[in-house]
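Examining the three-dimensional arrangement
One letter stands for each residue in the lines below.
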Amino acid sequence: MTDTRAKGTGAGSGRWPATAVFFLNGLTLSTAIARQPSLKSEHHLADGQVGALGLLFAVAAIVSMQFVGPLVARVGSRPVLRVSLVVMPLLLALVGLAGGFGALAAANTALGAVHGTTDAAMNAHAVAVERRGRRRILSGCHAAWSVSAVVASLATAGLSRAGVPLTAHFVGAAVVLVVGGLVLGPLLLPAAADRGSVPAPARRGSARGTRGAGGGWSRAFVALGLAGTALMVCEGAALGWGPIFLHDSRGVSLGLAATAVTAYAGGQTAVRVVGDRLATRYGAPKVFRAGGLVAAVGLGVAVLTAEPAASVAGFAVMGAGMSVLLPLAFSAVGQAQGMSAATAVSRFTTFTYAGVLLGPAAVGWAAELAGLTRTLAALLPVLLAVAVLTRLPRSLPVPEPAPAEMAHR
């Protein structure tokens, strides 16, 4: 008799290598983001040029995602990740070595394209690990990404204080990240794990309406995609506008206002560590609904209370509630019928990136008309609607047993 529970816990299950991919990707991107002030200063960039770089990065990421699904369905996510985990740090080094705005824009655009490829492929790989071992891992994977952002920000603060130039930082980080990618690549699941795979319906609790025309563009899938967009709009509002709200509307210092981001990220990371266990024990629909309601309560406290400390605590509660929503949504789209898991994940990632792109700008435009407090408060019914209306399968799909496993039954 074999112990089937061990399948999802060891290195051979693919869980820890998949989690490490999220960490490396997050470390690369977060290093680039944390050094933005230095980049702006060293290249004497205007605010508009910094905005243009961000737009080029995001557009390149979205465009690349459109090709990741078919590519992974053809060759598998492992070959894609083995290449992108090496190329992405090299492009980070090129950003640091760029000599002018044109070269900087080209390197940054290429970095965005490879990041988009990695982002979609790593989520597809994590879905394949979940489907293979029937053990939820996506919340833990996203927790690793959150931790990497903290590590990168702390490292950047220390290196900047020590006077380490941006170029030396990016080149040194690239060397470490390339070595990490080379070591990690062979540990990923084989390409056959998600090459050409179209998930069968979950035997229990399948989401309604998953069958549809249009190559998998069913109503259920589009609804999940729009939920992903709404979630990223809300997250972008908290991270991008939370500190501004505290400073402008609550009159707190810039230093205290910045703690809104720390509080949100701290709450998000803490709950993501246990998110997989919660979804396994109580079921994805209940955890998703509870997370959305908690996030709405947190945002309500943050925006509607007059006490700055309570507002900061509200952002922490919001982060805790939001923590499980996106991982559970990724897990659900990986079960979409009518297309490969990789295609579903890459399409869903496009929805989320649309929220990342549109969210901060939309909040800014609305704040010009109605004020920032009212604009943030208007996101409360959005969160509530996502929590109540989003439909998720309760359990992971049951894979067909292999002949060897049948022999032991």
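All values reported here derive from a predicted model rather than from experimental measurement. (Residues numbered from 1 in each chain as written. Predicted model: local features only at pLDDT ≥ 70, side-chain atom pairs only at ≥ 80, totals over all residues. Heavy atoms only, no water.)

1. Thoughts on the side chain of Ser323
What counts is decided by this rule: Where helices and strands are cited, they refer to DSSP runs of H or I of at least four residues and of E of at least two residues respectively, numbered from the N terminus. Type-normalised accessible area, obtained with a 1.4 Å probe on protein chains alone, sets the label of each residue: buried when under 20%, exposed when over 50%, and partly exposed for intermediate values. N or O atoms within 3.5 Å of each other form a polar contact, as long as, within protein, one can give a hydrogen and the other can take it, and as long as residues adjacent in sequence are counted only when both atoms are side-chain atoms. Contacts are assigned to residue pairs that have any heavy atoms within 4.5 Å of one another.
Among the structural elements, Ser323 can be located in the loop between α11 (308–322) and α12 (325–333). A residue is classified by how much of its surface remains accessible, and Ser323, at 0% relative accessible area, is buried. At a separation of 2.6 Å, a polar atom in the side chain of Ser323 contacts the main-chain carbonyl oxygen of Ala320. Ignoring any residue separated from it by four or fewer positions in sequence, one finds Ser323 in contact with Gln268, Val271 and Arg272.

2. What to know about helix α1 (residues 15–34)
Note: α-helices contain 3.6 residues per turn, so residues at a spacing of three or four share the same orientation. Stated precisely, the cut-off is as follows: Between the first and last residue of a helix there are one fewer steps than residues, each counted as 1.5 Å, and that sum is the expected span.
Counted at 1.5 Å a residue, the expected span for α1 with its 20 residues is 28 Å, and the 28 Å between its end C-alpha atoms agrees. Across the 20 residues of α1, 14 count as buried, placing the element largely inside the fold.

3. Some remarks on the packing of helix α8 (residues 219–250) against α12
For the record, the criterion: Fitted lines through C-alpha atoms serve as axes, helices being fitted only where they are in contact, and the angles separating the N-to-C directions of these axes extend from 0 to 180 degrees. With respect to orientation, any angle under 35 degrees is reported as roughly parallel, any angle over 145 as roughly antiparallel, any angle of 65 to 115 as roughly perpendicular, and every other angle as oblique. Note: crossing handedness is left-handed where the near helix turns anticlockwise from the far helix by less than a right angle, and right-handed where it turns clockwise. All residues other than Ala, Val, Leu, Ile, Met, Phe, Trp, Tyr, Cys, Pro, Asp, Glu, Lys and Arg, Gly among them, are scored as polar; the first ten of these are nonpolar and the last four charged.
Between α8 and α12, the shortest axis-to-axis distance is 11 Å and the interhelical angle comes to 160 degrees. Taken together, α8 and α12 sit at an angle that is classed as roughly antiparallel. Seen along the crossing, α8 lies across α12 with a hand that is left-handed. Contact residues: Phe221, Leu224, Leu231 and Met232 in α8; Leu325, Leu326, Ala332 and Val333 in α12. For the contact of α8 with α12, the residue count by class is eight nonpolar, no polar and no charged.

4. What about the side chain of Arg272?
This is how it is decided: This count recognises Lys and Arg as positive and Asp and Glu as negative, with His and chain-terminal groups excluded. Each reported salt bridge corresponds to a side-chain nitrogen of Lys or Arg within 4 Å of a carboxyl oxygen of Asp or Glu.
Inspection of the secondary structure puts Arg272 in helix α9 (residues 254–282). Despite its burial, Arg272 pairs with no opposite charge, the nearest such side chain being Glu235 at 4.9 Å.

5. As for the packing of helix α5 (residues 101–133) against helix α6 (residues 138–161)
Put simply, α5 and α6 touch, their axes get as near as 10 Å, and they point 145 degrees apart. Judged by the twist between their axes, the crossing of α5 over α6 is right-handed. Across the interface between the two elements, Met122, Asn123, Ala126, Val127 and Glu130 from α5 touch Leu138, Cys141, His142 and Trp145 from α6.

6. Looking at unusual backbone geometry
Trans peptide bonds make up the majority, and among non-glycine residues the majority have a negative phi. A positive phi is found at His44, a non-glycine position, where the angle reads about 55 degrees. Inspection of the secondary structure assignment puts His44 in the loop between α2 (36–42) and α3 (47–75). Even without being a glycine, Arg134 presents a positive backbone phi close to 50 degrees. Checked against the element boundaries, Arg134 lands in the loop between α5 and α6. With a relative accessible area of 37%, Arg134 lands in the partly exposed category.

7. Thoughts on the packing of aromatic side chains
Note the following rule: Two rings from Phe, Tyr or Trp (for Trp, the six-membered ring) form a pair when their centres sit within 6.5 Å of each other. Planes less than 30 degrees apart are called stacked, planes more than 60 degrees apart edge-to-face, and all others tilted.
For the coordinates displayed, the defined rule picks out two aromatic pairs. An angle of 70 degrees between the planes, with centres 6.5 Å apart, marks the rings of Phe221 and Phe351 as edge-to-face. On the criterion of sequence distance, the pair formed by Phe221 in helix α8 and Phe351 in helix α13 (residues 341–370) is long-range, its members being 130 residues apart. By the burial criterion, Phe221 is buried, and Phe351 matches it. Ring plane angle 80 degrees and centroid distance 4.9 Å describe the contact between Phe330 and Phe348, whose orientation is recorded as edge-to-face. Of this pair, Phe330 sits in helix α12 while Phe348 is found in helix α13, placing the two residues 18 residues apart along the sequence.

8. What to know about α12
Most of α12 sits out of view: nine of its nine residues are buried. When α12 is considered as a whole, its buried residues turn out to be Leu325, Leu326, Pro327, Leu328, Ala329, Phe330, Ser331, Ala332 and Val333.

9. Some details on the confidence of the model for the chain
Condition: Residue-level confidence of the predictor is what pLDDT reports, using numbers from 0 through 100.
In the predicted model, the chain carries a mean pLDDT of 84, and the fraction of residues at 70 or more is 88%. Contacts from residues 200–214, a stretch scored under 50 in pLDDT, to residues over four places away or in other chains number 27 contacts.

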